Structures are given as structure tokens and as C-alpha cells.
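# A look at the structure
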Amino acid sequence: MKAKVLLVEDDELMSRTLMRILTEEGFIVFCASTGAQALTSAQANRPDVILLDYQLPDTDGLEVCRKLKQARATNGIPIIMVTGRSGEAETVAALEVGADDYIVKPFSAKVLIARVRTTLRRLSRVTEEITKIPVQVHSIGIDEQRVRVTISGVEVKVTATEFRLLVMLASQPGRTFTRNQIVEGLNGGQNPVTGRSIDVHVVSLRKKLLGSGECIETMRGVGYRMRDVS
């Protein structure tokens, strides 16, 4: 799945150049030219990483960074500050408000892409560790470290594919996963999964989860989702 980048840059030429570089490298890019637009786009698009210019027409990047890190919906998104300033004070200020990295103009396309990919790898490692913490969704307990599923504390035996399917759906309750997304997410395992077999796995998993299986909802013509817990 392609990573999403929010590019916050008020210089139109620079914005077009960076957007082209990122798009050619396979990223999905959203653009904003003001701090207000950046905050709105971050909330709406939930990017995987934000490239944030230090100076913006309506505010400075530090204030935008601070607000993004304070907001519950966006505080986990890594931010790379992009600036023409190379002073130590500016670097420290950016890091103190929560920036994850700092890159000074001018920079090469290779350096930019390397920084973005490094930040995404770091985020992936952190996310992987977090997702290994046992979670409870409705009455379903999921322990990734022990590869264990429980219903109200009683262990339920599921296959490796069913376990990965359950983890995917439970990772974002309320989100509908298309069949293609499920196939893409599950095919990292030893047993290849096809679009046609998804329904079979879902039926089997629902049966094993007994009454809790009703939490896995069919979105006709689209895919499946775990019922929202809110």
C-alpha cells in the first residue's frame, strides 16, 4: 500500500518540484500552502508523514507542528521540518515542539526520499511493537505475541490466516477493508489468499468466534469491517 505524504509548502515552484519527486517515488501526495490548510488536511487525510515548511504565510511551522502533536487525531504522525535555516537554535526549537526530523534547503531529491523512507521505517517498527500488545475489541481478546484469540477470556482456536484477518479488521474498528486490501494485507503469509477465498475465511472465523462473530460486518459489494466500538 502506498504511503501518504502531506507536503506543506507555500512556495508554488518548490511545492510542484517536491510533489513531482515524491510522486515519482510512489508516494500519494497531498499539498497545503498555509498552516490552516495543513491542519485541516492532516485531520482529513491522515498522512503517514508530514513535510512541513518552517515559514508559512499565516503562521510558522513550529506552531503548526505543536498543534499537530497536541491533537489526538494527528499526534502520531511523524513530521519532518523543511527549512532554509541551518542554525542550531532552529533545529532545537523544531525538535522541542515534536518534530521527528529536520532537513535544510537546498537538498537533493535522494536525501529527501531517504529521510522520508527512514522516518516511515522508524514508524513501522514502533507500530509493530505497539500492535503486539494484547488488545480487546468487543469481547474478543487478541494477543499477537502469543498468537492467541479469546472470547470473554476463553481461548478460541483459529488458523494463521484467520488470525491475520482478525488482526487486520480489529486494528481499525469501523473501517471497511475492500477484498483487494484484505488480499494484499494477508498475502505476506505462507498460504496465499485469493479474493474468492476471503468469504470462506470470514465465514469460518465468524463461526469460531460464536456470538462475537457478529462484530464482523459484511459491506455488500465492497468488503468487511469490524463493528465500531464507539
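Heads up: the structure comes first, above all this text.
Cut-off values and rules
- Residues numbered from 1 in each chain as written.
- Predicted model: local features only at pLDDT ≥ 70, side-chain atom pairs only at ≥ 80, totals over all residues.
- Heavy atoms only, no water.
- Pairing = 2+ DSSP bridges.
- Helix = DSSP H or I, 4+ residues; strand = E, 2+ residues; numbered from the N terminus.
- Axes fitted to C-alpha atoms, helices over the stretch in contact; angles between N-to-C directions.
- Contact = heavy atoms within 4.5 Å.
- Buried < 20%, exposed > 50% of the residue type's maximum accessible area, 1.4 Å probe, protein only.
- Arc of directions from axis to C-beta.
- Salt bridge = Lys/Arg side-chain N within 4 Å of Asp/Glu carboxyl O.

Our next topic: the sheet that holds strand 7 (residues 140-143). Pairing in this open sheet of 4 strands is antiparallel, and the strands run 6-7-8-9 from one edge to the other. Both edges of this open sheet fall to strand 6 (135-137) and strand 9 (154-156), since each of them pairs with a single strand only. Ignoring which end each strand starts from, the neighbouring axes of this sheet average 30° apart. Relative to strand 9, strand 8 (residues 148-151) runs antiparallel, the two sharing 3 bridges. Within the sheet, the bridge partner assigned to Thr150 lies in strand 9 and is Glu155.

On to the sheet that holds strand 2 (residues 28-32). The strand order 2-1-3-4-5 describes an open sheet built from 5 strands, whose pairing is parallel. Edge positions in the sheet fall to strand 2 and strand 5 (101-104), since each has one partner strand and no second. Across this sheet, the average inter-strand angle for adjacent strands is 20°, counted without regard to direction. With 4 bridges connecting them, strand 4 (residues 79-83) and strand 5 associate as parallel partners. Each bridged residue has a counterpart across the sheet, and for Met81 the counterpart in strand 5 is Tyr102. Sheet strands touched by helix 3 (residues 61-70): strand 3 (49-53) and strand 4. Its angle to strand 4, the strand with the most contacts, is close to 175°.

Right, let's get into helix 2 (residues 35-45). For helix 2, the full list of buried residues reads Gly35, Ala38, Ser41 and Ala42. Seen end-on, helix 2 carries its buried residues on one side only, within an arc spanning 125°. What points out from helix 2, more than 90 degrees from its buried face, is the exposed set Thr40 and Ala44. Each element contacted by the buried residues of helix 2 is listed here: strand 1 (4-8), strand 2, strand 3 and helix 3.

Our next topic: the pattern of salt bridges. Scanning the entire structure with this criterion turns up 14 salt bridges. Here Glu12 ties to Arg16 by a salt bridge, and the two come within 3.1 Å at their closest N and O atoms. Residue Glu12 and its partner Arg16 are both found in helix 1 (residues 12-24); the two are separated by 4 residues, about one turn of the helix. Between Glu162 and Lys208 there is a salt bridge; the shortest N-O distance is 2.8 Å. With Glu162 in helix 6 (residues 160-171) and Lys208 in helix 8 (residues 195-208), this residue pair connects regions lying 46 residues apart in the sequence. Of the residues examined, Glu162 reaches a relative accessible area of 3% and is grouped as buried. Linked by salt bridges that have partners in common, Glu9, Asp53 and Lys105 make up one network.

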